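For reference, the chains in residue letters:
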Amino acid sequence: MPPSTASPVPNSGRPPARAGISPRKTVLRGHVPEEGEYFAARAGDSPFSPGTVLPPGAALPHPVPAWYHPSVPPERPIPFDYSVVHADRDLIVADKPHFLPTTTNGRLQRETLQTRLRVDFGEDDIVPLHRLDRLTAGLVICSRNPATRAAYQRIFLEGSAVKKYRGVVKQPLFVDQEIALRMHKPRGSRQVFVAPEGTLTSTYVRAAGREVTMWPRTGHTHQLRVLLNHLGHPLLGDDTYPTPRKLDLYDFRTPLALLHEAITFIDPLSHSERQFFSSQALRTTIE
């Protein structure tokens, strides 16, 4: 296993992750709860040094910020795992399978790529630098070094990485052009809609049959899935477009036919071009 390069947050009082799950921050008022373990967080007016374990039941003279470990029940395993495409002191490039969330989705915290990487590498600071849908397979670039994280985050914030996706649609599609659409996700909705008030998205799409290659210029939620559904050619295995189906995190029968196949970017530290490829095969049929 690679040696840990993670470093604690200076003077924050934040305790290490447990089983790959980060602690959470809260503000305690009145008394320290009798149940659970709380650690003093950094605060200018706190009577406790950062990292101090707060005595259960202790009276508090004023609100005190604190860290605690959330109670996370066991989760049914997702029977698919990632592979490592590349690892160095700053980055881990993972090849994520279908059905494994990149980060917590509200219902899963242990069975995520981030948590598995943290546990397997023994490092609390591993953080994905971009999103990849639970149902989408392929490359995820992760930071493992807080000292260089901001430099790599800028690649994705500024949209300078070139991402290549391949997908399979239900009916033949013939297109070779850049397509701009405004997309909007209403609060509480699983679906994203093409709407005049939405955020402008841009994707280059090339297809001459059922297999589609796409290069998204922007990074909106469900961008590629919404685009293809808008064109009348939804992806095979899509459980949300055009019609949402019941969400079952443990139904593995219909993988989404979408793969983040390749990514290219200029490394902000070495200034050289870096390119990574997924080794997964694109599924062209649904069982």
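What you see is a predicted model, and the numbers here were worked out from it, not measured in a lab.

**Student:** Can you break down helix α3 (residues 223-230) residue by residue, with the values?
**Tutor:** By the criterion of burial, α3 is predominantly enclosed, with six of the eight residues buried. Of all the positions in α3, only Q223, L224, R225, V226, L227 and L228 are classed as buried. Here the buried face of α3 lies against β8 (162-184), β9 (193-194), β10 (199-216) and β11 (258-266). Looking at the residues trailing α3, positive phi occurs at G232, about 85°.

**Student:** Give me the domain arrangement of the protein chain: which residues, what numbers.
**Tutor:** Each domain of the protein chain was delimited in the assignment, giving domain 1 (24-68) and domain 2 (83-277). Taking only C-alpha atoms into account, the centre of domain 1 sits 39 Å from that of domain 2.

**Student:** Run through the UniProt feature "domain: Pseudouridine synthase RsuA/RluA-like" (unreviewed entry) in the protein chain, naming residues and quoting values.
**Tutor:** Under the present numbering, the feature "domain: Pseudouridine synthase RsuA/RluA-like" (unreviewed entry) in UniProt falls on residues 90-230. Secondary structure content for residues 90-230 is 21% helix and 41% strand, while the C-alpha to C-alpha distance between its ends is 39 Å.

**Student:** Explain the packing of aromatic side chains to me, using residue names and the numbers behind them.
**Tutor:** Under the definition given, this model contains seven aromatic pairs. Centre to centre, the rings of F80 and F252 are 5.2 Å apart; their planes meet at 85°, and the pair counts as edge-to-face. On the criterion of sequence distance, the pair formed by F80 in the loop between β3 (64-68) and β4 (83-87) and F252 in the loop between α3 and β11 is long-range, its members being 172 residues apart. In this structure F252 comes out as partly exposed when scored by relative accessible area, which is 21%. Of the aromatic side chains, those joined through ring pairs into one cluster are F80, F99, Y250 and F252.

**Student:** Give a detailed account of the side chain of T240, specifying residues and quantitative values.
**Tutor:** Relative to the helices and strands, T240 resides in the loop between α3 and β11. Within polar-contact distance, the side chain of T240 engages the side chain of D239 at 2.8 Å.

Parameters and conventions
- Residues numbered from 1 in each chain as written.
- Predicted model: local features only at pLDDT ≥ 70, side-chain atom pairs only at ≥ 80, totals over all residues.
- Heavy atoms only, no water.
- Buried < 20%, exposed > 50% of the residue type's maximum accessible area, 1.4 Å probe, protein only.
- Helix = DSSP H or I, 4+ residues; strand = E, 2+ residues; numbered from the N terminus.
- Contact = heavy atoms within 4.5 Å.
- Domains from an automatic or database assignment.
- UniProt positions renumbered as here; feature names shortened; annotations may be inferred.
- Phe/Tyr/Trp six-rings, centres within 6.5 Å; stacked < 30°, edge-to-face > 60°.
- Polar contact = N/O pair within 3.5 Å; in protein donor to acceptor, adjacent residues only side chain to side chain.

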